[in-house]
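# Notes for the structure review
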Amino acid sequence: MLKKYETIFIINPEVGEENTKALVEKFKALIEASAQIESIDEWGKRKLAYEIKDKNEGYYVLVNFSSSPEFPAELERVYKITEGILKYIIINKD
């Protein structure tokens, strides 16, 4: 049974425009491989509410998707080992 999830991840703006696009594509492909994407909304570069790893800005990406309950743990694992990700959150919307 598929459940609905929402994830937001923030990319370090210092990785550069080309690497930012590559990271967005990487996570889009990862989510598409194991889930059904409902929407992707790139908010772009915004000021952070508080400093994260000495950064004041980040590139925000919001993704709504449906997947099996096991997939978010794998997505979180990949977020943790990916260089350039400042912060992320995965929310169960059901």
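For the structure, check the block above.
Anyway, here's the lowdown on the structure attached to this text. Every value quoted in this text rests on a predicted model; they were computed, and no experiment measured them. (Residues numbered from 1 in each chain as written. Predicted model: local features only at pLDDT ≥ 70, side-chain atom pairs only at ≥ 80, totals over all residues. Heavy atoms only, no water.)

This paragraph deals with the overall build of the protein chain. For the protein chain, the helix and strand inventory stands at two helices and four strands. Starting at the N terminus and ending at the C terminus, the protein chain contains elements arranged as β-α-β-β-α-β. Computed over its C-alpha atoms, the radius of gyration of the protein chain comes to 13 Å, within 12% of the 12 Å expected for a compact globule of 94 residues. In terms of overall dimensions, the protein chain has C-alpha extents of about 40 × 25 × 25 Å along its principal axes. Taking all contacts inside the protein chain whose residues are at least 6 apart in sequence as the whole, residues at least 24 apart take part in 73%. Carbon together with sulfur atoms contributes 48% to the accessible area of the protein chain, which is approximately 5,800 Å² in total. Here the protein chain contributes 14 positive and 17 negative side-chain charges, whose respective centroids are spaced 3 Å apart. (Helix = DSSP H or I, 4+ residues; strand = E, 2+ residues; numbered from the N terminus. Rg over C-alpha atoms; globule rule 2.2 N^0.38 Å. Contact = heavy atoms within 4.5 Å. Areas by Shrake-Rupley, 256 points an atom, 1.4 Å probe, with all protein chains shown as cover. Lys, Arg positive; Asp, Glu negative; His and termini not counted. Charge placed at Lys NZ, Arg CZ, Asp CG, Glu CD.)

A word on the environment of Asn 64. As for its position among the elements, Asn 64 is in strand β3 (residues 55-67). Along the backbone, Asn 64 and Thr 7 are 57 residues apart, and their C-alpha atoms lie at a distance of 6.5 Å. Not counting the four nearest positions on each side in its chain, Asn 64 is found in contact with Tyr 5, Glu 6, Gln 36, Ile 37, Glu 38, Ser 39 and Lys 93.

It is worth spelling out the nonpolar core at this point. Within the largest apolar cluster, 17 residues are counted, with the highest numbers of intra-cluster contacts made by Phe 9, Ile 11, Phe 27, Ile 31, Phe 65 and Leu 75. Going through the elements one at a time, β1 (3-11), α1 (17-34), β3 and α2 (71-81) are the ones with two or more residues in this core. Residues in contact with Ile 11, not counting those within four places in the same chain, are Thr 20, Leu 23, Val 24, Gly 58, Tyr 59, Gly 84, Ile 85 and Leu 86. (Core = buried A, V, L, I, M, F, W, Y, C linked by side-chain atoms within 4.5 Å. Buried < 20%, exposed > 50% of the residue type's maximum accessible area, 1.4 Å probe, protein only.)

This paragraph deals with empty space enclosed by the protein. Considering all chains together, one arrives at one cavity of 30 Å³ or more under this definition. Approximately 40 Å³ is the volume attributed to the largest cavity. Surrounding the largest cavity, Phe 9, Val 24, Phe 27, Lys 28, Ile 31, Ile 40, Val 61 and Val 63 form its lining. Contributing elements (two or more residues each) for the lining of the largest cavity: α1 and β3. Counted by class, the lining of the largest cavity contains seven nonpolar, no polar and one charged residues. (1 Å grid on protein atoms, 1.4 Å probe; cavity = no way out; pocket = protein on both sides within 12 Å on 5 of 7 lines; lining within 4 Å. Points joined across faces, edges and corners; volume = space filled by probe spheres on them. Nonpolar A, V, L, I, M, F, W, Y, C, P; charged D, E, K, R; others polar.)

Turning our eyes to something else, we now look at the sheet that holds strand β4 (residues 85-92). In spatial order, the strands read β2-β3-β1-β4; together these four strands make up an open sheet with antiparallel pairing. In this open sheet, the two strands that pair with only one neighbour each are β2 (35-52) and β4. Within this sheet the neighbouring strands show an average axis-to-axis angle of 15 degrees, counted without direction. Sheet strands touched by α2: β1, β2, β3 and β4. Its angle to β4, the strand with the most contacts, is close to 170 degrees. (Pairing = 2+ DSSP bridges. Axes fitted to C-alpha atoms, helices over the stretch in contact; angles between N-to-C directions.)

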